[in-house]
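Here is how the chains run, residue by residue.
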Amino acid sequence: MKKVVKFGGSSLASAQQFKKVAEIIRSDEGRRYVVPSAPGKRFRTDTKVTDMLYACYETAENDRDFSEKFSEIRDRFEDIVRGLNISLDLSPYFAEISRKFTEKAGRDYAASRGEYLNGVILAAYLGFTFVDPAEIIRFHEDGTLNADLTDELVRKRLENVEQAVVPGFFGAMEDGSIRTFSRGGSDITGSIIARGIKASLYENWTDVSGVMVADPRIIRNPEVIDTITYKELRELSYMGATVLHEDAIFPVRQAGIPINIRNTNAPDDPGTMIVARTCRIPKFTITGIAGKKNFVAINIEKDMMNSEIGFGRRVLSAFEKYGISFEHIPSGIDTMTVIIHQPDFEEKEQKVLTEITHLVNPDSLELEPDLALIAVVGRGMKEARGTAGRIFSALAHAKVNVKMIDQGSSEINIIIGVKNADFETAIRSIYDIFVTAQL
Ligand code: ASP
């Protein structure tokens, strides 16, 4: 069994956390390739090392004295080394990083040093080989991943390495300069390494025991999802559930490798399995609930709209012209509604509305702002009768007025539009009827 194990920033924020991580790795021989993040927050008001690096580099770039910020970063790492009781001298590393900051080696270089140093420390502590991702993760000129080359380099480099630590978050351009993924990108590195070495499992260790059925800021102690499909996860992530970096799914999904989300602080919890397909029936009919606030509905009415061919296309072209993407378009016989993310619309609203008027000359054109969209997601909904009925009776009981309904053709989600002010109440009532009532 070859497993890739990625540990997030809070899992590696202090020597104490490093010790937990080492114990987890040593408890399973399959855990051979380790991808660390930079040290994250040790407590709620703490600062992530990546943010400290960005700030420090900005000071250097503006030719100001960055020594104080630099030594705060250095202290974070020295603290870890001291707490682990290993003989690792970080001085040469910091001397080089400081020189490169003065030379203005770039923001990406600066940010990447958090994962780099954490990798050096973790490799020394575990006795694993350190592999610099600059050697094996390559980007195209336009900044996108060169997946084919990367796959080959990863495979070749790790083929004969029994156990390795490969820092997350960055790789290199063709000319060797450092390039990072977007924030949270160590998840992507883990996924790429898993595909490259054809791992049997990609374990992603974090500070929660898996993907939750609903947002813990709305539902206290929500249930954890035991198994979720990639498709369901995509629906939930799109609607705001933050689990993994969005781009981390593709490489492993393509290679048919499941992901297991695990908790470094509760290693016995089984976590959530993210899989391509499963015959496991979800515990609660629904798999999860997620949602986002701040949408606006643009309601367009015109008599005989149904027979006016090209009506919908013309309406949508007004949004296209101003670079606005739409979320949903529920429609009736003589009505059509376009739902848009409100902040993207506000600035251009008058232009778009004028354009619609010119293009289709509607009988009425109304705006309904401050809407929230809620996605109830579950592969189990396809088979279960009455799911929609249960959702709407729960909402009616909670006195939530439903503004829009849209059931995706995949039948794994139902989208409901409510007023922003009803958002939390709506989520709680749906959670209660499907989850709390079933416990
Ligand atoms: N350290 C980077 C960040 O804070 C990448 C990561 O943690 O995945 O975004």
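Before reading on, note that the structure itself is shown above.
Below, the structure is looked at part by part. (Residues numbered from 1 in each chain as written. Predicted model: local features only at pLDDT ≥ 70, side-chain atom pairs only at ≥ 80, totals over all residues. Heavy atoms only, no water.)

1. A look at the packing of aromatic side chains
Two descriptors summarise a pair of aromatic rings, namely the distance from one centre to the other and the angle between the planes of the rings.
Next, step 1: The tally for this structure, following the rule as stated, stands at ten aromatic pairs.
Next, step 2: Ring centres 5.8 Å apart and planes at 20° place the aromatic pair Phe7 and Trp205 in the stacked group. Here Trp205 lies in strand β7 (residues 201-206) and Phe7 lies in strand β1 (residues 3-7), a separation of 198 residues in the sequence.
Next, step 3: Accessibility expressed as a relative area gives 0% for Phe7, which makes it buried.
Next, step 4: Joined through ring pairs, the aromatic side chains of Tyr57, Phe66, Phe70, Phe77, Phe94 and Phe101 make up one cluster.
Next, step 5: Above the ring of Tyr125, the side-chain terminus of Arg26 is found at 5.6 Å from the ring centroid.
Next, step 6: In this structure, Arg113 packs its charged tip against the face of Tyr116, placed 4.3 Å from the ring centre. (Phe/Tyr/Trp six-rings, centres within 6.5 Å; stacked < 30°, edge-to-face > 60°. Helix = DSSP H or I, 4+ residues; strand = E, 2+ residues; numbered from the N terminus. Buried < 20%, exposed > 50% of the residue type's maximum accessible area, 1.4 Å probe, protein only. Lys NZ or Arg CZ within 6 Å of the ring centre and 35° of its normal.)

2. Quick word on the pairing of strand β16 (residues 413-419)
Next, step 1: Most of β16 sits out of view: six of its seven residues are buried.
Next, step 2: If you look at the hairpin formed by strand β15 (residues 404-407) and β16, you'll find five residues sitting between the two strands, and Glu411 has a positive phi there, around 60°. (Pairing = 2+ DSSP bridges.)

3. Some words on helix α8 (residues 186-196)
Next, step 1: Where burial is concerned, most of α8 is hidden: eleven out of the eleven residues are buried.
Next, step 2: For α8, every residue scored as buried is listed here: Ser186, Asp187, Ile188, Thr189, Gly190, Ser191, Ile192, Ile193, Ala194, Arg195 and Gly196.
Next, step 3: In the segment just after α8, Lys198 is the residue with positive phi, at about 55°.

Worth remembering: the numbers are spatial, not functional.
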